[in-house]
Amino acid sequence: MYLRNITTPVSSLKGVGKQLSQAYLNLGVQTCGDLLQLPPRAYEDRTKIIPLSTVKDGEFANTMVEVVSHSYFGHGKKRTLKVIIKDIADEGRGMKASLLCFNRNFLEKVLRIGRRYYLYGQISYSYRELQSSQFEMIPIHDTLEDVATFGKLVPLYPLSGRLTHNSVRNHIREVLSTIPHIENELPESIIASHNLISTDDAVRMLHTPANMEQAETAKKTLAFTELFYLLLASSREKRPSVPVNFAPRAQQKEKELLDSFPFSLTEDQKSVLARIKQDLYQNHPMHRMLQGDVGSGKTLVAWVSALHVIFNGGQVAFMAPTELLARQHAEQAAKHLEPLGIRIAFFTGAVRQKARTYLLDALKMGDIDIAIGTHALFSQDVTFKNLRYIIIDEQHRFGVVQRMSLEEKGTDPHVLMMSATPIPRSLALTVFSDIDLSTIRSMPAGRIPIITYLVSNRSRERMYKSVGVEFERGHQAYFVYPRIDDSGESSLRDVETMYAFLSKEMYPDIPSALIHSRLSEQEKITILRDFREKKLTYIVSTSVVEVGLDIPDATVMVIEHAERFGLAALHQLRGRVGRSSLQSYCFLVYETPLAEDAQKRLKVLKESNDGFYIAEQDLLIRGPGDVVGTKQSGFLKLRFASLTNDIDLLASVKHEVDSIIANDKGLLSMKHERIRKLLAESPYFSTNSEM
Ligand code: ADP
Ligand code: MG
């Protein structure tokens, strides 16, 4: 029997009347199948015996006892039974304790003198004796296997109404005992390659695990299964990708462009590019998210793919979130694309009047192949002759509406969104809308991981020295500060004071500049150009350098007041260095005392250079409440998987599903028969979900 075919209502279980049925309904449980899929929210470890002689005040004893005597204390209505017990699992120490049975005087008839029980109870030391008013006593006459709790990991469930953990546990045991076998839902090959277990094992281990590993494996298996069918159901809606012939001229230009670089594409770049090219030659629009850590080489993939639109007569819009970044892209494009005969326009808010009119006309006439710019690209008066492809760099900086207003300037243009920050929500978007996901995991060859140091404010001397050494080697540095001047919060080191200190006292003979958002566009541009051309050795800046800048000889990133920045921002900032085969360093200078969260953030950065790992940790530290949860929003009921926390799992499921769809879209092969039937019979989810 399949889990979803277990449709007997919970009301058919012993002791489940109207009230408990309603309580279960509140938890989303209607059928016994639902009940089996109710995930425990935690497990209580009762595997170890904790005798009365060693239990600490306020903690739980877990042992075997014998009832010694009964007595009463209090008067009238408050008269309360006290059951005296003796530990019998404790090598003859026989420590005694009193169970205080508030409102449970009926226990006199249940907990009989001389009988033996498993005790689990919170013990306190008061009135010179061990006492417990919160306890469970289970008679020792069953064999241990029949006891749900003692010596076990005990699941704790979400509760509602008059449900108790015990009642839920017993109901689940009852259902499990009546079902000899739950049919498997995942293909054997997937189970084997992802260290999963069968559906039957998973359900049983979820509720009665022998150890935490079993519980984890069970949860992982069920989460995998859930995502698997979810993705499968939504993937099958998508159009097939048919083999295409790439335009020979575009192929030729692609080769020319790639030959102009001193390196070749990484394997990941190649395979992502192949996917994008496939899409670009279909007649329905591509919506693809390209994720890759900072410095993984997303831009080049974008340029190459753009050739295939341009040399098939289309126009390309390339949008970046800041002027500086847009300009850097425009400069790179001028260097690498113009030689191929591509006509480029640079388009920002700073381009005005005549120049702007001229550009607008050229775009409209089709005299420009690729427009590179900021959000100025989607102002009203911008029109294209034939906009076929939109590339959005650092897409998380833009809103969906902005993206769509740019899309309206073409007829069904292809869209490539690039991001180094895997935001769970955008990940989730890729699952539910028709956005495909591509990932560049590997870094270009020869990159050396950046070494990150945490520097407390008081020990900065050594840092200045090591930075000086880098300068002697001809390398460059960024110093980043969170503020512009020292008005307001005086404890923050501000760029102006620090710039004066660095340039006059610390490194007096070394060419440098101060850059911040209050400078004019022209000033910023000149500074960055000089930095790129190594006329400047270091720049002192506010976080204007955060995204995208690519200066290969910069090997030092000093971030002051690192505790003030979020994890994603710090990772982005650090990503400004380590962009060549030179060893790079990042110094995170912090002010003591550090708040706990800040401490965690800095530790994560020190330990890892992996943007995906960092994004996950970011979530953990901030807690899922900070992110718009998809699990809670109710449009889709996921029981085991979390779209915000199971990012890795989602990626592996997606991978499996993609390969199934690629090889056997109709699910016609024998090994997919089970999946086909399950999908056809009762789809897990409706597919018209909206976000
Ligand atoms: P990001 O993915 O952060 O946008 P970029 O596209 O800016 O990264 O690339 C970072 C640097 O790596 C650039 O200087 C680029 O020229 C270089 N690069 C890109 N691909 C490769 C490669 N396959 N091998 C070596 N360097 C590469
Ligand atoms: Mg980039």
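Residues take numbers from 1 onward in each chain, read along the sequence in its written order. Each chain gets a letter, beginning with A, and each ligand a number, beginning with 1, in the order they are written. Two thresholds apply to this predicted model, a pLDDT of at least 70 for residue-level local features and 80 or more for giving and counting side-chain atom pairs, whereas whole-chain, interface and lining totals are computed over all residues. Side-chain numbers come from the whole structure's heavy atoms, not from hydrogens or water.

Participant: Help me out: how do you make sense of the confidence of the model for the protein in this one?
Facilitator: Regions with low pLDDT should not have their predicted coordinates read in detail. pLDDT is defined as a per-residue confidence score from the predictor, taking values between 0 and 100. In this model, the protein carries an average pLDDT of 86, and 88% of its residues clear a pLDDT of 70 or more. Within the protein, helix α10 (residues 298-310) carries the highest mean pLDDT (97), whereas helix α14 (residues 424-432) carries the lowest (52). Contact between two residues is taken to exist if any of their heavy atoms lie within 4.5 Å; hydrogens are not considered. Low pLDDT, under 50, characterises residues 624-636; the stretch is placed with 27 contacts to residues that sit more than four places away or in other chains. pLDDT under 50 marks residues 682-691. Its contacts with residues more than four places away, or in other chains, come to 24 contacts. In this description a helix means any DSSP run of H or I spanning at least four residues, a strand means any run of E spanning at least two, and both kinds are numbered starting from the N terminus.

Participant: Hey, could you run me through the nonpolar core in this one?
Facilitator: In summary, soluble globular proteins display a tendency toward joint burial of nonpolar side chains. Leu-35, Leu-36 and Phe-228 are the most contacted members of the largest nonpolar core, which has 57 residues in total. Mapped by element, the contributors of at least two residues to this core are α1 (18-26), α2 (32-36), α4 (165-178), α5 (188-193), α6 (199-207), α7 (212-235), α21 (647-663) and α22 (673-681). Leaving out residues up to four positions away in the same chain, Leu-35 has contacts with Val-10, Leu-13, Tyr-24, Val-29, Val-168, His-171, Ile-172, Val-175 and His-207. Buried Ala, Val, Leu, Ile, Met, Phe, Trp, Tyr and Cys residues form a nonpolar core when they are joined through side-chain atoms within 4.5 Å. Using a 1.4 Å probe on the protein chains alone, a residue whose accessible area is under 20% of its type maximum counts as buried, one over 50% counts as exposed, and one in between counts as partly exposed.

Participant: What is the right way to read the packing of aromatic side chains from this model?
Facilitator: To describe a pair of aromatic rings, you give the distance between the ring centres and the angle between the ring planes. Within 6.5 Å between ring centres, the rings of Phe, Tyr and Trp (the latter by its six-membered ring) count as paired, and their orientation is classed by plane angle as stacked under 30 degrees, edge-to-face over 60, tilted in between. Applying the stated criterion across every chain yields a total of 18 aromatic pairs. Ring geometry for Phe-261 versus Phe-263: centroids 5.3 Å apart, planes at 35°, classification tilted. Given the relative accessible area of 16%, Phe-261 is considered buried. When the centroid spacing of 5.3 Å and the interplanar angle of 75° are considered together, the rings of Tyr-478 and Phe-531 count as edge-to-face. Taken together, the residues span a long stretch of sequence, with Tyr-478 in strand β16 (residues 476-480) and Phe-531 in helix α17 (residues 521-532) at a distance of 53 residues. Comparing Tyr-478 with Phe-531 shows no difference in burial state: the two are buried. Among the aromatic side chains, those forming a connected cluster through ring pairs are Tyr-464, Phe-471, Phe-479, Phe-501, Tyr-507 and Tyr-538. Lying over the aromatic face of Tyr-229, Arg-4 brings its terminal NZ or CZ to 5.4 Å of the ring centre. Ring-over charges, as used throughout, are those where CZ of Arg or NZ of Lys falls within 6 Å of the ring centre and within 35 degrees of the ring normal.

Participant: How should I be thinking about the pairing of β16 in this particular structure?
Facilitator: Looking down a regular strand, the side chains alternate between one sheet face and the other. Among the five residues in β16, five count as buried, and that is most of the element. On β16, burial covers both faces: Gln-476, Tyr-478 and Val-480 on one face and Ala-477 and Phe-479 on the other are all buried. By the bridge criterion, five bridges tie β16 to strand β19 (residues 554-559) in an arrangement that is parallel. The partner of Ala-477 across the bridge, within β19, is Val-556. Note: β16 against strand β18 (residues 538-541), four bridges, orientation parallel. Note on pairing: DSSP must find at least two bridges between two strands before they are called paired.

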